[in-house]
Amino acid sequence: MKCGEIVRGAAWALVSGAGSGIGRCYALQLAALGYRVVLIGERAERLDVVKTEIEAAGGIEVRTCSLDLARTTAAQELFDWTRAQGIAVDVLVNNAGIFSFCDVLATPPERIERIILLHDLTATQLCRLFAADMIRRGVRGHILNMSSYSLWMPFPGLSIYSASKAYLKSFSVAFAREVADRGIRVTAVCTAGVATDLYGLTPRWQRIGLRLGALISADSCARRGLRALWRGRRCIVPDWWNRLFIPVCKMLPMWMLRPLRNYTIKFQK
């Protein structure tokens, strides 16, 4: 069997933010490996499209749950729903995210709350609930958390987004050490630019970014993330050239950032 492959239909994987982009690719790839898949997202119609796509490709069982995860009670609600459905999750992918490029003073309080709830509180609670269930059942579980390369880029406009993703990476690495001897693997994926709709890029600019190598495809991102998860990596940054620029991002002084800020501030929203 390939890395991560199982007896077809023998285990469940749950993917949040599965209606499009990287989440959709995680769901497709997990289904191809033989996992029955639970798709979580806010928009039921998008989940249904991905469900049909997976079922047409291989006839694997797919369940969907339309749920707003940016709420204090969302994690417990989702966990209770899986138990009521008789679903025992062996692979959890916390992929749902809200991108924000906006100064803190210009960001509505509700948006700040939703970003932190989704990226940090809900993801943490889901890790706790599902990891405890995996340990109780005695399975070798896997948890993947989508962090971001922006955690090394505390730049103007990215303060809330990058800080929330920095928490998720730090939490994931520490949590991985806590549960390693209990048979649970946890991986944080700190991806840089990905050709999806998350950043508000048009399809044309996504294609240009892919050709220039500034972006990677959602399929490639998901494939690298799962490979790291199966191998027990605690944190990965896809693409070696992005790793080279981490020290540069951390050391950039404000006098160098100011011209960039003056240009990009018109894109803040």
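Scope of this entry: the structure provided in the associated data block. Along each chain, residues carry numbers from 1 onward, in the same order as the chain's sequence is written. Only residues with pLDDT of 70 or above have their local features reported here, since the model is predicted, and side-chain atom pairs are shown and tallied only from 80 upward, although totals for entire chains, interfaces and linings are computed over all residues. Side-chain calculation: all heavy atoms of the structure are included, whereas hydrogens and water are not.

1. Structural notes on the packing of helix α1 (residues 21–32) against helix α2 (residues 44–58)
We count it as follows: All axes here are fitted lines through C-alpha atoms, helices being fitted over the stretch that makes contact, and every angle between N-to-C directions spans 0 to 180 degrees. Comment: elements are numbered from the N terminus, with helices defined as DSSP H or I runs of at least four residues and strands as E runs of at least two. In what follows, roughly perpendicular refers to angles from 65 to 115 degrees, roughly parallel to angles under 35, roughly antiparallel to angles over 145, and oblique to any angle outside these ranges. By convention the crossing between two helices is left-handed if the near helix lies anticlockwise of the far one by an angle smaller than a right angle, and right-handed if it lies clockwise. Two residues qualify as a contact provided that any one of their heavy atoms is within 4.5 Å of a heavy atom in the partner residue. Only Asp, Glu, Lys and Arg are considered charged in this grouping, and only Ala, Val, Leu, Ile, Met, Phe, Trp, Tyr, Cys and Pro are considered nonpolar; every other residue, Gly among them, is considered polar.
Axis separation between α1 and α2 bottoms out at 10 Å; the angle between their running directions is 25 degrees. Taken together, the axis directions place α1 and α2 in an arrangement best described as roughly parallel. Once α1 is placed against α2, the crossing between them reads as right-handed. Counting all contacts with α1, which are made through Arg-24, Ala-27, Leu-28 and Ala-31, the residues of α2 involved are Val-50, Glu-53 and Ile-54. Among the residues forming the contact of α1 with α2, the class breakdown is five nonpolar, no polar and two charged.

2. Describing the state of the cysteines
Note the cut-off: Criterion for a disulfide: a pair of cysteine sulfur atoms within 2.5 Å.
With the rule as written, the count across this model stands at zero disulfides. For the unlinked cysteine Cys-190, the closest cysteine sulfur is that of Cys-235, found at 3.7 Å.

3. Focus: the sheet that holds strand β4 (residues 89–94)
Operational definition: Each pair of strands is called paired provided DSSP finds at least two bridges between the two strands.
Strands sit in the order β3-β2-β1-β4-β5-β6-β7 across an open sheet of seven strands; the sheet is parallel. A single partner strand is all that each edge strand has here, and the edge strands are β3 (62–66) and β7 (235–236). Bridge count between strand β6 (residues 185–189) and β7: two bridges; the pairing is parallel. Opposite Ala-188, over in β7, you have Cys-235 as the bridge partner. Its contacts with the sheet put α2 on β2 (36–41) and β3, and the angle it makes with β3 is roughly 175 degrees. Sitting on the sheet, helix α4 (residues 109–137) touches β1 (12–16), β4 and β5 (142–146), and the angle it makes with β4 is about 165 degrees.

4. What to know about the packing of aromatic side chains
The test is simple: Geometry of aromatic contacts follows a simple scheme: Phe, Tyr and Trp rings, the Trp one being its six-membered ring, pair when their centres are within 6.5 Å, and the pair is stacked under 30 degrees between planes, edge-to-face over 60, tilted otherwise. To sort residues, take the accessible area from a 1.4 Å probe on protein chains only and compare it with the maximum for the residue type: under 20% means buried, over 50% means exposed, and anything in between is partly exposed.
Using the criterion set out here, one finds five aromatic pairs in the structure. On the numbers, 5.2 Å between centres and 80 degrees between planes, the contact of Phe-79 with Phe-130 is edge-to-face. With Phe-79 in helix α3 (residues 74–84) and Phe-130 in helix α4, this residue pair connects regions lying 51 residues apart in the sequence. Phe-79 gets classed as buried once you look at its relative accessible area, which sits at 8%. Look at Phe-130 and you get buried, because its relative accessible area is 1%. Judged by centre distance (5.2 Å) and plane angle (10 degrees), the ring pair of Phe-171 and Phe-175 falls under stacked. Residue Phe-171 and its partner Phe-175 are located together in helix α5 (residues 159–179), separated by four residues, close to a single helical turn. The buried category is assigned to Phe-171, whose relative accessible area is 15%.

By themselves, these observations are geometric and do not establish any function.
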